[in-house]
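# What the coordinates show
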Amino acid sequence: MASRERKPVSGRTVIAIVAALVAVGAGGAVEFARLLPGLEQDSINQRFERRGAVSAPGLLIVAIDDTTFDDLGESWPFPRSRHAQAIDRLRRDGAKAIVYDVQFTEQTTPREDNALIDAVGRARNVVLATAETDEHGNSNVLGGDEQLARLGASAGASNLPSGPGGVLQRFDASAGGLETLAVAAARRAGHAPAKSAFDHGGAWIDFRGPPGTIDTVSFSDLLKGRVDPALVRGRIVVVGASAATLQDVHPTPTASGELMSGPEIEANSIYTATHGLPLRDAPRWIDLLAILALGLLPALASLRLRALLAALLAPGAAVAWLVIAQVAFDHGHVLSVAAPLFALALGTVATIAAGYLAERKRRHRFAERNEALEEAVHERTAELRETQLEIIHRLAAATESRDEETGLHLERIGLLCERVGLVLGLTAAEAETLRHASLLHDVGKIAVPDAILTKPGKLTGEEWVVMRRHAEAGANILAGSTAPIMRMAEEIALTHHERWDGGGYPRGLSGEQIPLVGRICAVCDVFDALLSPRPYKEAWSVQDALDELRRERGKHFDPAVIDAFMTLVDDLDPLLFDGRAGQETFA
């Protein structure tokens with residue numbers, strides 16, 4: 001009996017496999033070489049921010065803040081007798097351990113030095129910070145380690161390694177041969193972690209929340225007896241400078257753009273050390289498995305589906321991995337995000353390219369054979385473009401639905417942008433691209449928390465800071481594409497809140513520094529927003545909206561764009577103006 005002939009492997013399958021292997025290999029290289037530190041850092045920041053604040057009842061910060069300087073009327077550095085008074089007060093109030101994040105490596109006067117030494121000796125539970133050690137890990141704090149031992153005190157290195165962008169988010173077991181301040185404090189409290197428990201590169205600081213999360217009192221309030229002893233009793237107390245003028249404030253992953261004082265960072269490190277380093281890097285094999293799975297997904301899916309339909313799985317897979325990473329983070333495991341998503345994105349692009357190459361080869365082979373098949377190929381190409389535009393429309397509609405808008409807002413802005421672009425001299429193709437690209441002007445709202453995005457009332461100053469990040473977030477989402485529509489969408493997302501007079505955001509561009517498409521979208525977006533009801537306002541009348549545009553001519557808006565827009569007013573469907581326009585309005 002003759003054996004069955006094996007079916008040859010198709011060129012599409014080979015290309016898909018090659019694309020998958022390239023994506024997995026590139027993702028692995030990104031992971032091992034840490035080639036995307038900025039994106040990984042952004043993901044860490046997001047995970048901390050989404051986790052929110054958690055109390056740390058065993059800790060207290062005594063902050064040398066602006067209030068202290070006002071109350072005491074003294075300049076920095078304070079006399080050491082002041083610090084002696086603080087240590088005595090904390091000792092009397094029952095502090096479990098006193099961690100002093102102020103360096104005392106140089107002598108001052110005998111009277112002042114002895115006052116501090118005596119107070120440390122009375123407390124018998126003080127850990128003193130230093131950033132200087134010799135080659136053997138010995139410090140010179142209050143005269144050296146032997147002196148500290150006699151006083152029942154110890155020294156700890158206050159050095160913290162900087163992460164990407166100068167962010168402080170890890171601490172080591174030791175620095176310069178000396179235990180770090182957090183480990184020394186944890187040892188004083190009876191809960192020091194083993195050196196072997198630290199990951200390579202240091203342990204993650206399990207921040208309790210953004211700046212101000214840990215209970216804090218003013219140094220001057222402590223000295224003047226205005227601090228309830230119950231706040232001190234049984235706690236590890238960290239004393240240090242929080243006033244910005246003393247320059248001990250640093251970026252952390254807990255709150256973008258908000259700096260945290262050195263003492264609070266040390267307090268979070270101490271919490272981490274005393275609780276057994278609860279936040280750890282996930283095993284490397286999990287990250288590699290994620291890279292493998294996400295890198296292979298588009299290519300494997302393309303073997304059963306059309307390449308573009310297979311690529312549509314990528315957003316869902318990306319969201320799933322982000323959710324998994326957040327859940328793992330909430331349970332103490334830090335998964336890699338940038339490298340797996342890079343592998344997914346590269347695999348998706350490669351799969352689309354593979355599908356395109358396979359389709360091109362098929363068209364070339366059959367074009368001369370059958371005219372009907374040629375027509376089918378043309379239909380497939382049109383379907384590909386329609387699917388691409390559908391993705392843009394669906395992504396835009398998904399973004400818009402988060403703040404209770406309708407897709408009609410997007411469609412109206414797109415058509416208005418196209419018409420204004422034609423008046424200003426864009427070609428028909430450019431204006432059509434502008435119509436579709438403008439749909440993604442607010443895609444960055446994906447990164448805005450629902451509590452802010454759907455808030456019915458006026459936003460606070462801090463909420464406005466978060467809201468305004470959507471412009472750069474949208475540009476980051478769309479960045480890196482070679483497709484003209486995506487490049488234009490990136491420009492619009494980034495610049496549609498800039499103002500002609502330079503008072504906009506995120507970059508404060510002015511005049512013709514702002515791309516034309518951003519200036520066009522700014523006018524159309526504001527016009528439609530004024531005519532639309534919102535939870536926090538009624539819809540404006542057409543005349544009021546037009547008057548507002550004219551008032552902002554040369555201030556918020558490009559005069560040329562306003563003039564072009566005004567030429568279209570009489571030609572717009574009246575249904576647009578009373579807020580009841582449907583898609584048929586633009587038929």
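Residues numbered from 1 in each chain as written. Predicted model: local features only at pLDDT ≥ 70, side-chain atom pairs only at ≥ 80, totals over all residues. Heavy atoms only, no water.

With that out of the way, let us pick up the overall build of the protein chain. The helix and strand tally for the protein chain stands at 25 helices and 14 strands. Counting the 587 residues in the protein chain, one finds 48% classified as buried. Within the protein chain, counting contacts between residues at least 6 apart in sequence, those at least 24 apart form 72% of the total. If you sum the accessible surface of the protein chain, you get close to 28,300 Å²; carbon and sulfur atoms cover 55% of it. (Helix = DSSP H or I, 4+ residues; strand = E, 2+ residues; numbered from the N terminus. Buried < 20%, exposed > 50% of the residue type's maximum accessible area, 1.4 Å probe, protein only. Contact = heavy atoms within 4.5 Å. Areas by Shrake-Rupley, 256 points an atom, 1.4 Å probe, with all protein chains shown as cover.)

This paragraph deals with the packing of aromatic side chains. Going through the model one piece at a time under the given rule, you end up with eight aromatic pairs. With a centroid separation of 4.9 Å and an interplanar angle of 80 degrees, the aromatic rings of Phe48 and Phe329 are classed as edge-to-face. In this pair, Phe48 sits in helix α2 (residues 37–51) while Phe329 sits in helix α13 (residues 313–330), placing the two residues 281 residues apart along the sequence. With relative accessibility at 1%, the residue Phe329 sits in the buried group. Ring centres 5.3 Å apart and planes at 55 degrees place the aromatic pair Phe69 and Phe78 in the tilted group. Grouping aromatic residues by their ring pairs yields a cluster made of Phe69, Trp76, Phe78 and Phe219. A cation over a ring is seen here: Arg170 above Trp204, with NZ or CZ 4.0 Å from the ring centre. (Phe/Tyr/Trp six-rings, centres within 6.5 Å; stacked < 30°, edge-to-face > 60°. Lys NZ or Arg CZ within 6 Å of the ring centre and 35° of its normal.)

Moving on to a nonpolar patch on the surface. Nonpolar side chains collect at one region of the surface, where Val14, Val18 and Val22 lie side by side and expose about 240 Å² of accessible area between them. Within the secondary structure, Val18 is located in helix α1 (residues 11–33). (Patch = residues over 30% accessible without salt bridge, like charges linked within 9 Å, V, L, I, M, F, W, Y side chains within 5 Å. Salt bridge = Lys/Arg side-chain N within 4 Å of Asp/Glu carboxyl O.)

Counted under the stated rule, the structure contains 24 salt bridges. Ionic pairing is found between Arg34 and Glu31, a salt bridge with its closest N-O pair at 3.2 Å. Arg34 gets classed as partly exposed once you look at its relative accessible area, which sits at 49%. Note that Asp71 is salt-bridged to Arg226, the shortest N-O span being 2.9 Å. Within this pair, whereas Asp71 is found in helix α3 (residues 66–72), its partner Arg226 is found in the loop between α8 (219–223) and α9 (229–232), the two being separated by 155 residues in sequence. Each of Glu31, Arg34 and Arg284 takes part in one network of salt bridges that share partners.

In terms of residue burial, strand β2 (residues 97–101) counts as a mostly covered element, since five of its five residues are buried. As judged from the five bridges shared by β2 and strand β10 (residues 236–241), these two strands associate in the parallel manner. Bridge pairing links Ala97 to Ile236 in β10. As defined by bridge partners, β2 adjoins strand β3 (residues 126–130) across three bridges and the pair is classed as parallel. (Pairing = 2+ DSSP bridges.)

What follows concerns α2. With 15 residues, α2 extends 21 Å from end C-alpha to end C-alpha; this agrees with the ideal 21 Å at 1.5 Å per step. Along α2, the positions that sit buried rather than exposed are Glu40, Gln41, Ser43, Ile44, Asn45, Arg47 and Phe48. Following α2 by one or two positions, Gly52 has its phi on the positive side, about 80 degrees. (Expected span 1.5 Å × (residues − 1).)

Here we take up helix α20 (residues 470–478). Buried residues of α20: His470, Ala471, Ala473, Gly474, Ala475 and Leu478, and no others. For α20, the secondary structure elements touched by its buried residues are α19 (461–468) and α21 (484–495). Looking one or two places after α20, you find Gly480, whose phi comes out positive at around 90 degrees.

Turning to the nonpolar core, a few remarks are in order. If you look at the biggest cluster of nonpolar residues, it comprises 43 residues, and the most contacted ones within it are Val420, Leu440, Cys524, Phe527, Leu549 and Phe565. Elements with a minimum of two residues in this core: α15 (371–401), α16 (407–423), α17 (428–437), α21, α22 (516–531), α23 (542–551) and α24 (559–566). Per-element accounting of this core gives the leading share, nine residues, to α22. The contact partners of Phe565, leaving out residues within four places of it in the chain, are Leu416, Val420, Val523, Cys524, Phe527, Leu546 and Leu549. If you look at the next biggest cluster of nonpolar residues, it comprises 41 residues, including Ile64, Leu148, Val232 and Ala241. (Core = buried A, V, L, I, M, F, W, Y, C linked by side-chain atoms within 4.5 Å.)

What follows concerns the confidence of the model for the protein chain. On average, residues of the protein chain score 85 in pLDDT, and 87% of them reach the 70 mark or higher. Long-range and interchain partners of residues 577–587, a stretch whose pLDDT sits below 50, account for 21 contacts in this model, where long-range means more than four residues apart. (pLDDT = per-residue confidence, 0-100.)

The next thing to look at is the sheet that holds strand β4 (residues 154–157). Spatially, β4-β3-β2-β10-β1-β9 is the arrangement adopted by the six strands of the open sheet, whose pairing is parallel. Two strands close off the open sheet at either side, each with one partner strand: β4 and β9 (216–218). The average angle at which neighbouring strand axes cross in this sheet is 25 degrees, direction not considered. Against the sheet, helix α4 (residues 80–92) contacts β1 (59–64), β2, β3 and β10, and its axis sits at roughly 160 degrees relative to β2. (Axes fitted to C-alpha atoms, helices over the stretch in contact; angles between N-to-C directions.)

One can find Ala19 in helix α1. With residues near it in sequence (within four places) discarded, Ala19 still touches Ala350 and Thr351.

To continue, consider the side chain of Asp93. Among the structural elements, Asp93 can be located in the loop between α4 and β2. In this view, Asp93 contacts Pro229, Val232 and Arg233; residues no more than four positions away in its chain are not counted.

Extensive coverage of β3 is indicated by the burial of five of its five residues. The two faces of β3 match: Val126, Leu128 and Thr130 on one face and Val127 and Ala129 on the other face are all buried. Each parallel crossover has a hand, and the one from β2 via helix α5 (residues 110–123) to β3 is right-handed. Summarising the sheet, β3 and β4 pair through four bridges and their orientation is parallel. Considered in β4, the bridge of Leu128 is made with Ala155. The parallel pair β3 and β4 is bridged by helix α6 (residues 145–151), and the resulting crossover is right-handed. (Right-handed = clockwise from strand over helix to strand, strands pointing away.)

Put simply, helix α11 (residues 284–302) and α13 touch, their axes get as near as 10 Å, and they point 160 degrees apart. Compared by their axis directions, α11 and α13 come out roughly antiparallel. Regarding α11 and α13, the two cross each other, and that crossing is right-handed. Counted together, Ala290, Leu294, Leu297 and Ala301 of α11 and Leu313, Ala317 and Trp321 of α13 form the full contact between these two elements. (Parallel < 35°, antiparallel > 145°, perpendicular 65-115°, else oblique. Left-handed = near helix turned anticlockwise from the far one by under 90°.)

Moving on: the packing of α2 against α13. Contact geometry of α2 with α13 gives a least axis separation of 10 Å together with a crossing angle of 60 degrees. The handedness of the crossing between α2 and α13 comes out as right-handed. Contact with α2, carried on its side by Gln46, Arg47, Phe48, Arg50 and Arg51, involves Ala325, Gln326, Phe329 and Asp330 of α13 and no other residues of that element. Considering only residue class, the contact of α2 with α13 consists of three nonpolar, two polar and four charged. (Nonpolar A, V, L, I, M, F, W, Y, C, P; charged D, E, K, R; others polar.)

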